[in-house]
Every structure is written in structure tokens, then in C-alpha cells.
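# Examining the three-dimensional arrangement
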Amino acid sequence: MIKNISVIGAGTMGNGIAHVFAQSGFQVTLVDVNAAQLEKALTTISKNLDRQVSKSVISEEQKANTLGNIQTESDVTKGVATADLIVEAATENTELKLKIFSSLDAAAPAHCILATNTSSISITKIAAATKRPEKVIGMHFMNPVPVMKLVEIINGYATEKPVTDKIIELSRQIGKIPCVVNDYPGFVANRILMPMINEAIYSLFEGVAGVEEIDTVMKLGMAHPMGPLQLADFIGLDVCLSILRVLHEGLGNPKYAPCPLLVNMVTAGKLGAKSGEGFYVYTPGSKDLVVSKSFSKD
Ligand SMILES: NC(=O)c1ccc[n+]([C@@H]2O[C@H](COP(=O)([O-])OP(=O)(O)OC[C@H]3O[C@@H](n4cnc5c(N)ncnc54)[C@H](O)[C@@H]3O)[C@@H](O)[C@H]2O)c1
């Protein structure tokens, strides 16, 4: 039975993952090598719970219980000592994840399932860094975790069925909708999303239309809640570029080659919302969508 869950990495995704498990009554240990990040994560979780209270989604008591179910730890070995499940949500870097999984394998109890929230790194490769590849699985949450319903569950080459079944059941227990896919570059979510975003950037690059027109066509024409260029800014243009490179290299098809405009923007440090500018400019405190001067028509 899964009771104790350790979440590795207290960034954007880690705090959301800790939040949803704790809210469903699991004992969560949130682990990060950066102590300041743990403090920040607790503040973010508390603010997000406040929003749920103000919308009457949860009560004050549920908020207090949720916070009470989360403890923090900056030592990975201590943080996973009693875990039944570990969900790794550390920085997206292959070498780092291989190192993390090798140490999780050494420190976690033998029965513990090792899941990763990676957006694009091969589950099979991560599993090969452990002595329990049959217990390694992808558990890909979407951002923002407390809001988005999907969990893309990715079976590595060696993942055993009882492990997949447990992760499916657990996803349902926390109110999410699981969808099981196999381990090929980009899985399903990013294999389909990233070429769409890349094509939107190519359409801008080739002068087919402007930023607003491209996003408006996709929002109003295809009922997407956000246009592809705005979504790329939200995800981070560096993240989009690195996933496209995984698709390009892993599938060997030139159709996945990243648009040169995307490469240039990342090189110039225009990474989207997190850097203050991408296809749009972002001013703290303002929700207005303003096209970046680099793409404005006047
Ligand atoms: N941001 C998204 O929209 C999104 C969506 C789905 C999946 N993901 C995936 O989730 C993972 C995390 O992404 P994020 O956006 O939350 O990143 P982030 O940069 O916000 O957070 C990463 C955290 O990992 C910590 N970390 C680094 N090395 C560590 C180690 N050895 N042990 C413990 N903690 C360590 C960092 O201190 C940081 O707090 C990545 O694999 C990413 O691909 C991200």
C-alpha cells in the first residue's frame, strides 16, 4: 500500500505534486538540495491552498491538514528512507536524473516505486541507472498540477504491470485522470504539442502571420484555451527547444528540427514568461497580453 510519498525537487512541478498528494491524505516528504527552494515551495503551496479555500473548494481545516501532511528535507537519503513511492521532479537534465535515480535506488526501501515527472527523458534510460528497472515508471503531471486533470503514465521497457496498475489507481485516488502510454521520445503529450508549437513559430518566422493572428486562429478556430505562442512562452522557450531536440535526435526525422527563430530567441535569453519576454512581454502584476516589440507591427 502506498502511504509515504517523497517528492524530489521543490520547483514549479514538485510543489504542485506535493500539494495534490498531501491534500488526498498521503504523508509527503518534499526534498530539495536547495533549502531556500523548500521554503519557497511551502509558501506557494499555502497561497494555492488559500485560493482553494476562497473558492470554497476546500475548508480551512482541509488546508491545515494538507500542510500538516507535508514535511521538508534537504538530505535525499533521509528524505526517501521510508518512502513507498518517490516522484522525482528535479531539473530536466539527463546526467542529473541518472545520478539521482542511482542514489534513490540505493537509499529507498526495496518495495519503493521510483517515478519520474520528466517531460522528455527516456524512462528506460532512467530505469537502467537503477537495479530495479521493473519498478521505474513515468508519472507526467501537467502544469499547474493542482488544476490539470491529466497524468500521462509512461511504461518503460521493463516496467512491470502491477507497478503500472498501482500508479493508475493512485492517480485516480488524487482526482486525476491517468492515461498510459509507451516510452518513445516525447511520449504522447510533447510529441504532438511540440511540433504544433514549432509550426506556429515557423509560421511567424516565414511571415505567414503575426503573433496575435497565429494565436487567435488557434484559440478561436480550434477552441484551444491558449494560442501556441503564448503556451510556448508559458512553458519556457528553452524547455520547448530542448524537447524538440530530444524528438529530433530520438526519432531521426527532420520534421522535428527546431525553428531557427526559436533557437535565436533562446540564445538571446528571451525564454518567455519566466524571463519577462518571449513572443509577448510580461510585466509583474499585469495580465495584459502585449506582443513583444520584436514582433509588433508598428
Ligand atoms: N514546468 C513545467 O511546465 C513541467 C511540466 C511537466 C513536467 N515537467 C518536468 O518536471 C521536472 C521539474 O520541472 P520544474 O519546471 O518543476 O523545474 P524547476 O527548475 O522549477 O525545479 C527543479 C527543482 O529541482 C531541484 N533539484 C535540482 N537538483 C536536485 C537534486 N539532486 N535533488 C533534489 N532536488 C534537486 C532544484 O533545486 C529545483 O528546486 C522536469 O523534469 C520537467 O521536465 C515540467
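A short tour of the structure in this document, coming up. (Residues numbered from 1 in each chain as written. Predicted model: local features only at pLDDT ≥ 70, side-chain atom pairs only at ≥ 80, totals over all residues. Heavy atoms only, no water.)

### What about the overall build of the chain?
Along the chain, the regular secondary structure elements total 12 helices and 10 strands. For a compact globule of 298 residues, the expected C-alpha radius of gyration is about 19 Å, and the chain comes in at 20 Å, within 12% of that figure. For the C-alpha atoms alone, the extent of the chain along its principal axes is close to 60 × 45 × 35 Å. The buried share among the 298 residues of the chain stands at 47%. For the chain, restricting intrachain contacts to residue pairs at least 6 apart in sequence, the fraction spanning at least 24 positions comes to 65%. (Helix = DSSP H or I, 4+ residues; strand = E, 2+ residues; numbered from the N terminus. Rg over C-alpha atoms; globule rule 2.2 N^0.38 Å. Buried < 20%, exposed > 50% of the residue type's maximum accessible area, 1.4 Å probe, protein only. Contact = heavy atoms within 4.5 Å.)

### Comments concerning the site of the ligand
Not every one of the 23 residues close to the ligand is listed here, only the nearest: Met13, Asp32, Glu92, Lys97 and Ser119. With respect to the ligand, the side chain of Gln37 contributes an N or O atom lying 3.2 Å from an oxygen atom. Protein coverage of the free-state accessible area of the ligand, which is 830 Å², stands at 80%. Secondary-structure elements contributing two or more residues to the shell around the ligand are helix 1 (12-23), helix 5 (94-107) and strand 6 (136-141). Take the shell around the ligand: its biggest share by element is 3 residues, from helix 5. Across the shell around the ligand, the residue classes tally to 9 nonpolar, 11 polar and 3 charged. (Near = heavy atom within 4 Å. Polar contact = N/O pair within 3.5 Å; in protein donor to acceptor, adjacent residues only side chain to side chain. Areas by Shrake-Rupley, 256 points an atom, 1.4 Å probe, with all protein chains shown as cover. Nonpolar A, V, L, I, M, F, W, Y, C, P; charged D, E, K, R; others polar.)

### Concerning the packing of aromatic side chains
For the coordinates displayed, the defined rule picks out 4 aromatic pairs. Where Phe21 meets Phe26, the ring centres are 6.0 Å apart and the plane angle is 80°; that geometry is what we call edge-to-face. Both residues of the pair, Phe21 and Phe26, count as buried. (Phe/Tyr/Trp six-rings, centres within 6.5 Å; stacked < 30°, edge-to-face > 60°.)

### Some words on unusual backbone geometry
Following Asn143, the chain continues to Pro144 via a peptide bond in cis, the omega torsion being -5°. If you trace the backbone, Pro144 turns up in the loop between strand 6 and strand 7 (150-155). Even without being glycine, Phe187 reaches a positive phi, approximately 55°. Within the secondary structure, Phe187 is located in the loop between strand 8 (177-182) and helix 8 (189-205). Unlike most non-glycine residues, Ala223 shows phi in positive territory, near 60°.

### Looking at the pairing of strand 2 (residues 27-31)
Burial within strand 2 is extensive, with 4 of its 5 residues counted as buried. As paired elements, strand 1 (residues 4-8) and strand 2 share 5 bridges and run parallel to each other. The residue of strand 2 that forms the bridge with Asn4 is Gln27. Tracing the backbone out of strand 1, into helix 1 and back to the parallel element strand 2 gives a crossover that is right-handed. (Pairing = 2+ DSSP bridges. Right-handed = clockwise from strand over helix to strand, strands pointing away.)

### Quick notes on the pairing of strand 6
For strand 6, the buried fraction is high: 6 of the 6 residues fall into the buried class. Because side chains alternate across strand 6, one face comprises the buried residues Val136, Gly138 and His140, and the other comprises Ile137, Met139 and Phe141, equally buried. Sheet topology note: the strand 5 (residues 113-116)/strand 6 ladder contains 3 bridges and is parallel. Paired with Thr116 across the two strands is Gly138, which belongs to strand 6. Of the strand pairs in this sheet, strand 6 and strand 7 are connected by 5 bridges, and their pairing is antiparallel. By the bridge assignment, Met139 is partnered in strand 7 with Ile153.

Honestly, it's all geometry; don't read function into it.
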